Amino acid sequence: MMNQAVAKRYGQALLEIGQEQNAVDRYQDDLQMVVDTITGSDELNAIWNGKEFDSETKINIVKQLFSGKVADNIVNLLCVVIEKGREEHISDINSMYRIFADEARKIAYAEVVSAYPLTAEQEDAIKGQLARKTGKDVRLNASVDSSLVGGIMVKFGDKVYDGTVAARLEGMRKKLQEVQF
């Protein structure tokens, strides 16, 4: 379970440093590589999350593995995380950093569910409408759900735009129930 307070603090601090150093993208790539390396190796994952090794040993291992391969500030972040005993939060820190970096770059994500596959033109039109509304570069994740019968549903941030046939029929049903004869 993600400890959002810890992940937010570290992610925001790293973003601020990345912005100062004009290295937001590099830090994102480097941090992702570190997380992939740790989680991709059972042995390294056991060392990283295990209590058998003291923080000094873990820091030495991190420096040997990552110094010269990732930005120095990423190595520094890893050392601070180890010193504070927050190793289990590294994936969450990576996720929060990615969110903060996307916000700083004005990138937003939308989920689009349709009854049939969307054409490239339809996807572009949806992206364009959302971009005009928000002033952000919108990235779509489109999927198909044949149970919708027709129309689309767009999830964007904390909003859901439901233009499906099922939603329209439900709206009509409610209106008909409200009519008094």
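Quick look at the structure, then. Note that this is a predicted model, so its numbers are computed, not measured.

1. Focus: the pairing of strand E2 (residues 137-144)
Across 8 bridges, the pairing between strand E1 (residues 107-114) and E2 is parallel. The residue bridging Ala110 from the neighbouring strand is Leu140, located in E2. In this view, the connection linking E1 to its parallel neighbour E2 by way of helix H7 (residues 120-134) has right-handed handedness.

2. Notes on the environment of Lys136
Of note, Lys136 is situated in the loop between H7 and E2. Classification of Lys136 as partly exposed rests on a relative accessible area of 32%. Taking the C-alpha atoms as reference, Lys136 lies 5.5 Å from Ile107; in sequence the two are 29 residues apart. The contacts of Lys136, once residues within four sequence positions are left out, are Lys106, Ala108 and Ala131.

3. Notes on the packing of helix H1 (residues 4-20) against helix H2 (residues 24-40)
Direction vectors running N to C along H1 and H2 enclose 135 degrees, while the axes themselves pass 8 Å from each other. As summarised for this structure, H1 and H2 are arranged oblique, according to the angle between their axes. Facing H1, whose interface residues are Leu14, Leu15, Ile17, Gly18 and Gln19, H2 presents Val24, Tyr27 and Leu31. Of the residues contributing to the contact of H1 with H2, the split by class is 6 nonpolar, 2 polar and no charged.

4. What to know about helix H6 (residues 90-104)
Here H6 spans 21 Å end to end across 15 residues, near enough to the 21 Å set by a 1.5 Å rise per residue. Taken residue by residue, H6 has Ile90, Asp92, Ile93, Asn94, Met96, Tyr97, Phe100, Ala101 and Asp102 as its buried positions. Residues of H6 that are buried in the fold lie against H1, H2, helix H3 (42-49), helix H5 (72-83) and E1. Positioned one or two residues after H6, Lys106 has a phi angle of 60 degrees, which is positive.

5. Quick look at the sheet that holds E1
As summarised here, the arrangement of the 4 strands in space is E2-E1-E3-E4, forming an open sheet in which the pairing is mixed. Unpaired on one side and paired on the other, E2 and strand E4 (159-162) mark the two borders of the sheet. For this sheet, the mean inter-axis angle between neighbouring strands, taken without regard to orientation, is 20 degrees. Across the sheet, H7 touches E1, E2, strand E3 (152-156) and E4, and the angle it forms with E2 is around 140 degrees.

Rules used throughout
Per chain, residue numbering runs from 1 following the sequence as it is written. Restriction of local features to residues with pLDDT of at least 70 applies here, the model being predicted, together with a cutoff of 80 or more for giving and counting side-chain atom pairs; totals for whole chains, interfaces and linings are based on all residues. Heavy atoms from the whole structure form the basis of all side-chain values; hydrogens and water molecules are not counted. Pairing between two strands requires that DSSP report at least two bridges joining them. Helix and strand assignments come from DSSP, with helices taken as H or I runs of at least 4 residues and strands as E runs of at least 2, each series counted from the N terminus. When the strands point away from the viewer and the path from the first strand over the helix to the second turns clockwise, the crossover is right-handed. Three exposure classes are used, based on accessible area relative to the maximum for each residue type with a 1.4 Å probe and protein chains only: buried under 20%, partly exposed in between, and exposed over 50%. The contact definition used throughout considers only heavy atoms, calling two residues in contact when any of these lie within 4.5 Å. Axis geometry follows a simple rule: fit a line to the C-alpha atoms, using only the stretch in contact for helices, then measure angles between N-to-C directions, giving values from 0 to 180 degrees. The labels follow the angle: roughly parallel below 35 degrees, roughly antiparallel above 145, roughly perpendicular from 65 to 115, and oblique for the rest. When residues are grouped by polarity, Ala, Val, Leu, Ile, Met, Phe, Trp, Tyr, Cys and Pro land in nonpolar, Asp, Glu, Lys and Arg in charged, and all others, Gly among them, in polar. One fewer than the residue count of a helix, multiplied by 1.5 Å, yields its expected span.

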